[in-house]
Amino acid sequence: MKIIEHIDRAQGPLFSYEIVPPPRGRTVKDLTNIVKSILPYRPSWIDVTAHGPAAFYHERQDGLTERRVYKKRPGTIGICGIIQNRFQIDTVAHLLCLGFTREETEDALIELNYLGVENVLAIRGDGINYTQKINRESSTNTYAVDLVGQVHGLKQGRYLQELSDPLPLDFCIGVAGYPEKHFEAPNMKTDIFHLKQKVEAGAQYVTTQMFFNNEDYFEFVRLCRNAGITVPIIPGLKVIKKAYQLKSVPKNFHVSIPDELVDEIEASPEHVEEIGIRWARKQTEGLIDFGAPVVHFYIMNDSSSVIEVVKTFL
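Residues numbered from 1 in each chain as written. Predicted model: local features only at pLDDT ≥ 70, side-chain atom pairs only at ≥ 80, totals over all residues. Heavy atoms only, no water.

**Notes on the sheet that holds strand β2 (residues 43-48)**
- Ordered in space as β1-β2-β5-β6-β7-β8-β9-β10, the eight strands form a closed barrel in which the pairing is parallel. Strand-to-strand, the axes of this sheet are offset by a mean angle of 30°, without reference to chain direction.
- Here four bridges tie strand β7 (residues 172-177) to strand β8 (residues 205-210), and the two strands are oriented parallel to one another. By the bridge assignment, Ala 176 is partnered in β8 with Thr 207.
- Sheet contacts for helix α2 (residues 29-38): β1 (14-19), β2 and β10 (294-300); angle to β1, the most-contacted strand, approximately 165°. (Pairing = 2+ DSSP bridges. Helix = DSSP H or I, 4+ residues; strand = E, 2+ residues; numbered from the N terminus. Axes fitted to C-alpha atoms, helices over the stretch in contact; angles between N-to-C directions. Contact = heavy atoms within 4.5 Å.)

Set out below in structure tokens:
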């Protein structure tokens, strides 16, 4: 089922979750255990993140250094297939611009369609740490709006190469939104302008970056509606579990943490998990009261704190 269908048919608040593929060399077992742990807590769908290639430098036996390119976390398509078909839970496969050609993207979409996956989240992705060489016969998507356009084109049966009697690939397309604005945008007005372009290109819903102050989301929704963006805007939450996340989360995700939450954790670091759960519960309650169609939780690799939040509302 498509995300917009889940939202249209909902009789009450929905909950969705986001997980990260295991590092290279690990198996999918750890991830399936996370999925099993959240099964009792009404996962309407599960997002599976994607990760582009990265470069590292290796010293050879002859003393020379060579660059090697590899993917730290492969397996997005396979994981989506496992969750979709083994657990009968809809999945959202993340698609990236950076690190992938349009040809690779089309191949990935064909594979996802074959597996029965109907939903994708189109994002530009983090910058890669090397200059990617593109074959002359290949092309790339520079921005998320370009990626949305490619996926939307496939819904009309437009492939990169002309085919006879092409079958359309009918994906529901989501994009990312930033209640505190994208860190590269000069201001919120510009950021929302680019978001509207993605919606006009074919995006059907927005999932936000994590935030810790509901007022940021409320204002973001207001500004989007004023700009003519009418698609569902799904709030994303992260439960703080470790004190070091007060530094790592703002650094890695370009978000702010309210003074009240920071002060409480710094005053009682031994109770950080309890504090984080209580804060996320309060956020969830406020979002449901506001009328948010879904509350989306960034699980990453640990579902225990998220479960403690969600079970309060079931």
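**Looking at the packing of α2 against helix α3 (residues 76-86)**
- Following both chains from N to C, one finds α2 and α3 inclined at 40°, their axes separated by 11 Å at the closest point. As for how α2 packs across α3, the hand of that crossing is right-handed. Of the residues in α3, those in contact with Leu 31, Thr 32, Val 35 and Lys 36 of α2 are Ile 79, Ile 82, Ile 83 and Arg 86.
- Looking at the contact of α2 with α3 residue by residue, the classes come out as five nonpolar, one polar and two charged. (Left-handed = near helix turned anticlockwise from the far one by under 90°. Nonpolar A, V, L, I, M, F, W, Y, C, P; charged D, E, K, R; others polar.)

**Section: α2**
- Looking only at α2, the buried set comprises Leu 31, Thr 32, Ile 34, Val 35 and Ile 38. Buried residues of α2, seen end-on, are gathered within an arc of 155° and therefore sit on one face of the element.
- In this structure, the buried residues of α2 make contact with β1, β2, α3, β10 and α11 (304-310). (Buried < 20%, exposed > 50% of the residue type's maximum accessible area, 1.4 Å probe, protein only. Arc of directions from axis to C-beta.)

**A closer look at the packing of aromatic side chains**
- Tallying each qualifying case throughout the model produces seven aromatic pairs.
- Arranged with centres 5.5 Å apart and planes meeting at 5°, the rings of Phe 211 and Tyr 217 form a pair that is stacked.
- Relative accessible area serves as the criterion here: at 2%, Tyr 217 is assigned to the buried category.
- Plain terms: the ring middles of Tyr 217 and Phe 290 are 5.8 Å apart, the flat faces sit at 75° to each other, and that makes the pair edge-to-face. Here the residue Tyr 217 occupies a position in helix α7 (residues 214-226), and Phe 290 occupies one in helix α10 (residues 272-290), the gap between them amounting to 73 residues. (Phe/Tyr/Trp six-rings, centres within 6.5 Å; stacked < 30°, edge-to-face > 60°.)

**Some thoughts on a negative patch on the surface**
- There is a patch of like negative charges on the surface, built from Asp 259, Glu 260, Asp 263 and Glu 266.
- Considering the arrangement of structural elements, one finds Asp 259 in helix α9 (residues 259-267).
- You can call Asp 259 exposed: its relative accessible area is 60%. (Patch = residues over 30% accessible without salt bridge, like charges linked within 9 Å, V, L, I, M, F, W, Y side chains within 5 Å. Areas by Shrake-Rupley, 256 points an atom, 1.4 Å probe, with all protein chains shown as cover. Salt bridge = Lys/Arg side-chain N within 4 Å of Asp/Glu carboxyl O. Lys, Arg positive; Asp, Glu negative; His and termini not counted. Charge placed at Lys NZ, Arg CZ, Asp CG, Glu CD.)

**Observations concerning the pairing of β7**
- For β7, a buried count of six out of six residues is recorded, marking the element as mostly surrounded by other parts of the structure.
- Residues Cys 172, Gly 174 and Ala 176 point to one face of β7 and Ile 173, Val 175 and Gly 177 to the other, with burial holding for every one of them.
- Of the pairings in the sheet, the one linking strand β6 (residues 119-123) to β7 comprises four bridges and is parallel in character. Considered in β7, the bridge of Leu 121 is made with Gly 174.
- In terms of handedness, the path from β7 via helix α6 (residues 188-201) over to β8 forms a crossover that is right-handed. (Right-handed = clockwise from strand over helix to strand, strands pointing away.)

**Focus: the pattern of salt bridges**
- Following the criterion strictly, the structure yields ten salt bridges and no others.
- Between Arg 222 and Glu 219 there is a salt bridge whose closest N-O contact spans 2.5 Å. With Arg 222 and Glu 219 both in helix α7, this residue pair falls three residues apart, about one helical turn.
- In this structure Arg 222 comes out as partly exposed when scored by relative accessible area, which is 42%.
- Between Glu 264 and Arg 278 there is a salt bridge; the shortest N-O distance is 2.2 Å.

**Some thoughts on the nonpolar core**
- Counting 59 residues, the largest nonpolar core has Tyr 17, Ile 19, Leu 109, Leu 112 and Phe 297 as its most contacted members.
- A total of five residues in this core trace back to one element, the largest contributor, which is α7.
- Contact partners of Phe 297, with chain neighbours within four places excluded, come to Phe 15, Ser 16, Tyr 17, Glu 18, Leu 237, Thr 284, Val 306, Val 309 and Val 310.
- One finds Met 210, Phe 212, Ile 240 and Val 262 within the second-largest nonpolar core, a separate group that totals 16 residues. (Core = buried A, V, L, I, M, F, W, Y, C linked by side-chain atoms within 4.5 Å.)

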